[in-house]
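Overview (structure and organization)
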Amino acid sequence: MGTFCSVIKFENLQELKRLCHWGPIIALGVIAICSTMAMIDSVLWYWPLHTTGGSVNFIMLINWTVMILYNYFNAMFVGPGFVPLGWKPENSQDTMYLQYCKVCQAYKAPRSHHCRKCNRCVMKMDHHCPWINNCCGYQNHASFTLFLLLAPLGCIHAAFIFVMTMYTQLYNRLSFGWNTVKIDMSAARRDPLPIVPFGLAAFAATLFALGLALGTTIAVGMLFFIQMKIILRNKTSIESWIEEKAKDRIQYYQLEEVFVFPYDLGDRWKNFKQVFTWSGAPDGDGLEWPIREGCHQYSLTVRYKVIDDYSGACCPLNKGIKTFFTSPCTEEPRIQLQKGEFILATRGLRYWLYGDKILDDSIVEGVSRIRGWFPRNCVEKCPCDAEADPAPEGEKKNR
């Protein structure tokens, strides 16, 4: 009930502006077309309401639509949850493990990341989704995932209605010749005749809705399986990149260590309950998280020291042939490096890393961070964070 109230009691009317974006417009358009056409086809031409099966079918179609829209708007308007402005950990010594966000004037809590679209630090950020025009994170991860589950299920039901409608309406209209197949679209040859004939326009609209339903089932269904895969491991999409980067680093440098993701509780059911609860509210407060035995909240922190200058070129010739040909195919920027600087890497490829350059606030005033890609062979991992030179105040390490 509390979640429902949070949907209808918007923080402010500015939240309604989230609907004025191509993502929600397309998503809601697809939902409206598929659900409306399924109801029309079912009532008029396939399964009339005066039958028991038709009534049950119609109620199920309405039920799918309501549940899909409920979870969709829940994910959009409740939002992911943001790190409070000015937040800092209770233990002041923990700030050495955290990055300071100048935009939010707060330290980034464990598992949080700053979203440039939302302009806030998002708790347990998974990604910024254009289809809901909001981030997917701590508070709305369950609603977003349920939407990814319900949308394909509803589309499968609708697709069944579309196929059966076209089959039953066209079955008696087909005439076969020696070399041709003709379809009479004038009127259905059945008794009783439908109130509205299934004409060419109805056939075209049903066929179009069927294409949308099948496309949505495949695309959104794949996203659901991806989300469930990371939820059962108690990860986010960003943390999957971080884990891949960490394991790749171990393999690249042939280190004798085993990477253990700190938030994977070792049991899928426990991981599942971190997102889905009977109350509907997510577990925890979004700032501190249960961790696996032998780990701590900041196990994902990795800092690198620059050992070779880098000009920021997209495809540097002087960094090796493999680095040249494996330059990331992305619009994200490259950052210049100078010997002695420190980098906080967040993800990476075999020959490239992505992260934030640690800045001295007295030198670069007003710039919170410089973020981008850089060649892996230009940096080396700090042997021990405790022994490494401390990062400037306000630009500490983040996971």
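How each quantity is defined
- Residues numbered from 1 in each chain as written.
- Predicted model: local features only at pLDDT ≥ 70, side-chain atom pairs only at ≥ 80, totals over all residues.
- Heavy atoms only, no water.
- UniProt positions renumbered as here; feature names shortened; annotations may be inferred.
- Helix = DSSP H or I, 4+ residues; strand = E, 2+ residues; numbered from the N terminus.
- Contact = heavy atoms within 4.5 Å.
- Areas by Shrake-Rupley, 256 points an atom, 1.4 Å probe, with all protein chains shown as cover.
- Buried < 20%, exposed > 50% of the residue type's maximum accessible area, 1.4 Å probe, protein only.
- Pairing = 2+ DSSP bridges.
- pLDDT = per-residue confidence, 0-100.
- Expected span 1.5 Å × (residues − 1).
- Core = buried A, V, L, I, M, F, W, Y, C linked by side-chain atoms within 4.5 Å.
- Axes fitted to C-alpha atoms, helices over the stretch in contact; angles between N-to-C directions.
- Parallel < 35°, antiparallel > 145°, perpendicular 65-115°, else oblique.
- Left-handed = near helix turned anticlockwise from the far one by under 90°.
- Nonpolar A, V, L, I, M, F, W, Y, C, P; charged D, E, K, R; others polar.
- 1 Å grid on protein atoms, 1.4 Å probe; cavity = no way out; pocket = protein on both sides within 12 Å on 5 of 7 lines; lining within 4 Å.
- Points joined across faces, edges and corners; volume = space filled by probe spheres on them.
- Polar contact = N/O pair within 3.5 Å; in protein donor to acceptor, adjacent residues only side chain to side chain.

Taking an unreviewed UniProt entry as the reference, the chain is identified by name as Palmitoyltransferase belonging to Oryctolagus cuniculus. Turning to the chain, the UniProt record has this under Catalytic activity (unreviewed entry): "L-cysteinyl-[protein] + hexadecanoyl-CoA = S-hexadecanoyl-L-cysteinyl-[protein] + CoA". In the Sequence similarities (unreviewed entry) part of its UniProt record, the chain is described as follows: "Belongs to the DHHC palmitoyltransferase family."

Attention shifts here to the overall build of the chain. Scanning the chain from N- to C-terminus turns up 8 helices and 13 strands. Restricting the contact set of the chain to residue pairs at least 6 apart, pairs at least 24 apart contribute 67%. A total of about 21,000 Å² of accessible surface is found on the chain, and carbon and sulfur atoms cover 62% of it.

Where burial is concerned, most of strand 12 (residues 370-375) is hidden: 5 out of the 6 residues are buried. Relative to strand 12, strand 11 (residues 352-357) runs antiparallel, the two sharing 6 bridges. Bridge pairing links Tyr354 to Trp373 in strand 12.

On to the confidence of the model for the chain. Confidence in the prediction of the chain, expressed as mean pLDDT, is 81, and 78% of residues score 70 or more. When the elements of the chain are averaged for pLDDT, helix 1 (residues 2-8) gives the smallest value, 48, and helix 5 (residues 200-231) the largest, 95. Taken together, the stretch residues 361-368 has pLDDT below 50 and engages in 11 contacts with residues farther than four places along the chain or on a different chain. In the predicted structure, residues 384-399 sits below a pLDDT of 50 and forms 58 contacts with residues beyond four places in sequence or in another chain.

A few words now on the UniProt feature "transmembrane region" (unreviewed entry) in the chain. As annotated by UniProt and renumbered to match this structure, "transmembrane region" (unreviewed entry) occupies residues 25-47, 53-73, 146-167 and 195-226. Helix makes up 96% of residues 25-47 and strand 0%, with an end-to-end C-alpha separation of 30 Å. Along residues 146-167 one finds 100% helix and 0% strand; the C-alpha atoms at either end are 32 Å apart.

Given a rise of 1.5 Å per residue, 30 residues ought to cover 44 Å, and the 44 Å separating the end C-alpha atoms of helix 4 (residues 141-170) matches this to within 8%. Counted residue by residue, helix 4 has 21 buried out of 30 residues, so it is predominantly covered.

Let's shift gears to the nonpolar core. With 23 residues, the main nonpolar core has Tyr72, Ile132, Phe144, Phe147, Leu148 and Phe276 as its most contacted residues. At the level of elements, helix 2 (22-46), helix 3 (52-78), helix 4 and helix 5 are the ones that each hand at least two residues to this core. Beyond its immediate stretch of four places on either side in the chain, Leu148 contacts Val220, Leu223, Phe224 and Gln227. If you look at the next biggest cluster of nonpolar residues, it comprises 17 residues, including Cys155, Ala159, Phe198 and Leu210.

It is worth spelling out helix 3 at this point. Compared with an ideal rise of 1.5 Å per residue, which puts 27 residues at 39 Å, helix 3 spans 38 Å between its outermost C-alpha atoms and is within 8% of the ideal. Listed as buried for helix 3 are Gly54, Asn57, Leu61, Trp64, Thr65, Ile68, Asn71, Tyr72, Asn74, Ala75, Met76 and Phe77. One or two steps after helix 3, the chain reaches Gly79, where phi turns positive at roughly 80°.

What follows deals with the packing of helix 4 against helix 5. Describing two packed helices takes the angle between their axes plus the distance from one axis to the other. Packing of helix 4 against helix 5 leaves a shortest axis separation of 7 Å and a crossing angle of 150°. Our classification of the angle between helix 4 and helix 5 gives roughly antiparallel. The element helix 4 and its partner helix 5 pack so that their crossing is left-handed. Taken together, the residues of the contact of helix 4 with helix 5 sort by class into 23 nonpolar, 7 polar and no charged.

Topologically, Arg233 is positioned in the loop between helix 5 and helix 6 (237-253). Arg233 gets classed as partly exposed once you look at its relative accessible area, which sits at 39%. Taking C-alpha positions, Arg233 is 8.0 Å from Gly266, a pair spaced 33 residues apart along the chain. Beyond its immediate stretch of four places on either side in the chain, Arg233 contacts Phe261, Asp264 and Asn271.

Within this structure, the stated rule accounts for 1 cavity of 30 Å³ or more. Estimated volume of the largest cavity: approximately 40 Å³. Around the largest cavity, the lining residues are Lys124, Tyr138, His141, Ala142, Gln274, Val275 and Pro282. Of the residues in the lining of the largest cavity, the class split is 4 nonpolar, 2 polar and 1 charged.

Glancing now at the side chain of Asn74. If you trace the backbone, Asn74 turns up in helix 3. Residue classification places Asn74 among the buried residues on the basis of a relative accessible area of 2%. A polar contact is formed between the side chain of Asn74 and the side chain of Ser143, at a distance of 3.1 Å.

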